[in-house]
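# Structure at a glance
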Amino acid sequence: MNRIKKWLFIFFGMFTVLIVSAQQTIIKGSVKDRITFEPIANVVITIEETNQSTLTNSDGAFIFNVDVPLGEQILKISKEGFITKRFPIVVNEFRTVDISDMTLEEDLSQVPDLFNIMLSDDELDSDIGGIDNISGLLQSSLDVFLRTAAFEFSPSFFRMRGLDSDNGLVLINGIEMNKLFNGRPQWSNWGGMNDVLRNQELTTGLTPSNYNFGGVLGSTNISTKASSYRSGSRITYSSSNRSYTNRLMATYASGLLKNDWAFAISLGRRWGNEGYQDATLYDSNSFFASVEKKINEKHSINFTGIYAPNRRGKSSPNTQEVYDLKGIKYNEYWGWQEGKKRNSRMKEVDEPIMVLNHYWDFNKKTSLTNAIAYQFGKQGNSRLDYNGTDLVNGYPEGGGSNPSATYYQKLPSYFERNFPNDLGFAYIAEHEFLDDGQINWNDLYSANISNTAQGGNAIYALYEDRIDDKLLTFNATLNSQITDHIIFNASVNYKTLKSENYAKVLDLLGANGYLDVDGYANDFVNNPDAIQNDLLNPNRIVGVGDTFKYNYILNAAVIGGYSQAQFKYNKVDFYVAGSVTNTSYQREGIFENGSFPGTASFGKGKKMDFLGFGAKTGATYKISGKHVFDINLGYISKAPSIQNTYSNSRENHNVVPNISEEKISSIDASYIFRSSMVKAKLTGYYTQIKDANEISFFFADGIGAINAFTENGFNEEANFVQEILQGIEKKHFGAELGVEAQVTTGIKLKGALAMGQFTYDNNPDLYLSSEDFTNVYLGKANLKNYKLAVGPQTAYSVGFEYRDPDYWWFGATANFFSNTYIDISPLTRSSNFNTDVDGQPFNDYDETLAKALLKQERFDYYMVVNLTGGKSWRIGSKYIGLFVSVNNLLDEAYKTGGFEQSRNANFRELKNDKALDKPVFGSKYWYGRGATYFVNVNYRF
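Just so you know, these numbers come straight off a predicted model, no measurement behind them.

### Points about the nonpolar core
One finds Phe145 and Leu827 to be the most contacted residues of the largest nonpolar core, which totals 59 residues. Setting aside chain neighbours within four positions, we find Phe145 in contact with Phe153, Met160, Glu736, Leu737, Gly738, Ala752, Leu753 and Ala754. Counting 28 residues, the second-largest nonpolar core is a separate cluster that includes Ala458, Tyr585, Met608 and Ile642.

Put into structure tokens, the structure is as follows:
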């Protein structure tokens, strides 16, 4: 009897399951390539008018089985690089709609290589800082505003919402790539690998990510899983006059083989003797390999290796006087040597990346990804040293003149100011600059050889500021669909960094040795040891390859985690997320600096610990299939970067006074409209930043206010100082609009608008430090309501695209920029500005004139016209593509950024300088490029 009951129970259970299954409404299917009929993974399947979407798996299959809408529906299938298709279906209750083997055809008119070369290889490698936040986070987005910001606005150094790139995170297979030193991603670490870095999952703003908590600019996770690449090969050649002249790439992907292995490999080279600016050499190689083994249905392991060593010549910012004489291509950093252009400022990056991932699918709803990554290598930035000396009676004597042709004592403005009654000197200086105006390498060699012949040392030397990093990272990410409506994400991570920082001699320019002392040390009389860069090895003579000037190690460790719950329903989606991070820094001095002897510079300094928190939430209300409203808000407290923690890490352990975590509050709201013809998105946002720090290094004249705070008085003439701004508050608010209309099958109109106001929101504390004084408080810097130097605060674009059925296309955009501001000098807006050497206000101080002198410069409005076009051919299963673009067709000359020089630190100095038609210490600017081109040819097989 018990056995009969048991079988009845089993039968009843099976019958119940069958009944439930039969009563479920399901849409399922699969997507394959139209030519090869191979499955396509990661295709976006969307039920239009419902906002429901999913992705195909590695077999190209998908399924909808929750809240499936009934009646006539449109199923849209799309993937980057393929032509989007729309399939009409009819869904009946408790029935299954099976549309297997739908096909997608590759869109030959899409050539994303253009976007990558315009951005990743160019603006993203700039040293201006912070401009790399746009394209890197947005280049894979389908949103018209974000695409426009990335592809049209970025050459003008436009920053998304006026924010620096450390507010957005970049990950490779879940491993964060942002540098601990400054918080920014170093894009050149994986440059030249466009073909294998296209699998990106993007989140913008505070919207939820499946991989990490993110920043207020969102995050991008780049997947390099070998089986995710479409099988085939591709060869690409490009030519341009932007950052380099030639590029060659070759890529092969196997797809998932029958033995459950998958491989992807890419090789590339980019090179050129000169980009748009003079003597900007570019020399870069790249190697990528990804190998995956699918162990079984639940486990797979993937190894990724990335190696992209690169060297490039830098270009200089210049005063308007220099640009007026030599044009916007002028670069002060180079000179002729043996008939070739030699750039003294070379940046070299050589940092391989290795990532090992373990993918574990517990079941169809829960997965765990474990990752370990190791990155090591070097970064070097070279420059000329002209302060080489000989030791005479125990005191360093000698030194050379500044070899730069733009040194202020060589330009016409200097002679106009100092010899106003004899302009012949200015005339001679102008013609010497016009006739040459570059570094004279032969003179540097001659001076060194001559001094060596007399038993002396090098006067001039070429050296590099070197960073050797070793970074180890662990990460585990859990994703689980708890119910039909709830998704849970969580991640824990740990990273540890050892960063060795030192100066290294590259070339002694004909000499045999260099005396490693500090010729700028002012306090030699009171402290004879002040000249020593390393008291442990005083008066050391160094040669090529030796470490000198400074040598220290920065150790950092970060441990953190986040959790997130996403809730998805028919009308409303919402999420909540939280994070916690502990960050520690510690400096270890290898050299004992003479101005900061003992434990002030040598050995391990105090360990700095910071605890950061994050919380965010948001909701999406689906009014209908066409109308959607979205809102997100969050709060982030994070550790300051290493760069903004130590006031002068090259010489001592000192940290920024009253340092604390940086706090960010942000909210944004969007209205989204989507129809068969028009797509539009309007967003408003507000972000406030508090307790930020900034550190600057420069020579300053007229810092007499120091005497009011120091005991022994101070020589206020031209001193090298560290300017520390502490407790900075910033306010960012504005609106973004993107619209595109498919007016015919071939013609698309598009437009985008960004309007923002980005300002300082308080008067932060200002400190000065140097070898002679430490963290002297000068009071508040009067910065409130001054504009932030973050590129154009107003930008808009209008354009069109035409795509012909025969696979040729053409497009044009007109882009307009305004409200771009100079980066102001905080020191000139402090108490130092009106303080004389006796600590009292200047007796000739004029408040009205002072306001005029301190008015922030706003750059002129300008317009840039860009053209694109191309043609593609299919030959059997092979493809040939041609793409051509012209940027700045009208050859418009425009300023993209700049900064006030702080050399004129007080009222009298600045007044006298600005009284000239050509200020001696005028602001320095960067100009955008004139008309440039890019041509790309690729062959896929």
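### Re unusual backbone geometry
With a phi angle near 50°, Leu509 is a residue other than glycine that sits in the positive phi range. Along the chain, Leu509 falls in the loop between β27 (486-507) and β28 (514-515). Taking the relative accessible area as the measure of exposure, Leu509 reaches 0% and is therefore buried. Phi is positive for Asn888, close to 55°, though the residue is something other than glycine. Relative to the elements of secondary structure, Asn888 occurs in the loop between β44 (878-887) and β45 (895-899). The exposure class of Asn888 is buried, given its relative accessible area of 2%.

### Side note on the side chain of Asn343
Relative to the assigned elements, Asn343 resides in strand β20 (residues 340-343). Of the residues examined, Asn343 reaches a relative accessible area of 8% and is grouped as buried. At 3.1 Å, the side chain of Asn343 forms a polar contact with the backbone oxygen of Lys314.

### Observations concerning the sheet that holds strand β5 (residues 71-78)
One open sheet accounts for four strands, arranged β3-β2-β5-β6; its pairing is antiparallel. Each having just a single partner strand, β3 (52-55) and β6 (85-91) make up the two edges of the open sheet. Neighbour-to-neighbour, the strand axes of this sheet turn through a mean angle of 25°, independent of strand direction. In this structure, strand β2 (residues 44-47) lies alongside β5, joined through four bridges in antiparallel fashion. Residue pairing across strands places Ile47 opposite Leu75, the latter belonging to β5.

### As for the packing of aromatic side chains
Summed over all chains, the structure comprises 38 aromatic pairs. Centre to centre, the rings of Tyr414 and Phe415 are 5.3 Å apart; their planes meet at 85°, and the pair counts as edge-to-face. Judged by its relative accessible area of 16%, Phe415 falls in the buried class. Here the aromatic residues Tyr407, Tyr408, Tyr414, Phe415, Phe419, Phe425 and Phe921 are joined through ring pairs into a cluster of three or more.

What counts as what
Chains are numbered independently. Their residues run from 1 in the order of the written sequence. Only residues with pLDDT of at least 70 are given local features in this predicted model, and only at 80 or more are side-chain atom pairs given and counted; all residues enter the totals for whole chains, interfaces and linings. Each side-chain value is worked out from all heavy atoms of the structure, with water and hydrogens disregarded. In this description, a nonpolar core means a group of buried Ala, Val, Leu, Ile, Met, Phe, Trp, Tyr and Cys residues linked to one another through side-chain atoms lying within 4.5 Å. The classification of residues rests on relative accessible area computed with a 1.4 Å probe and restricted to protein chains. Under 20% of the type maximum is buried, over 50% is exposed, and intermediate values are partly exposed. It only takes one pair of heavy atoms within 4.5 Å for two residues to be counted as in contact. The helix and strand labels rest on DSSP assignments: H or I over at least four residues marks a helix, E over at least two residues marks a strand, and numbering proceeds from the N terminus. Nitrogen and oxygen atoms within 3.5 Å of one another constitute a polar contact, given that in protein one can donate a hydrogen and the other can accept it, and given that sequence-neighbouring residues count only through two side-chain atoms. We call two strands paired when DSSP finds no fewer than two bridges between them. A fitted line through C-alpha atoms serves as each axis, taken over the contacting stretch for helices, and the angle formed by two N-to-C directions is quoted from 0 to 180°. Classification of ring pairs rests on two measures: the distance between centres of Phe, Tyr or Trp rings, Trp counted by its six-membered ring, which must be within 6.5 Å, and the angle between planes, read as stacked under 30 degrees, edge-to-face over 60 and tilted in between.

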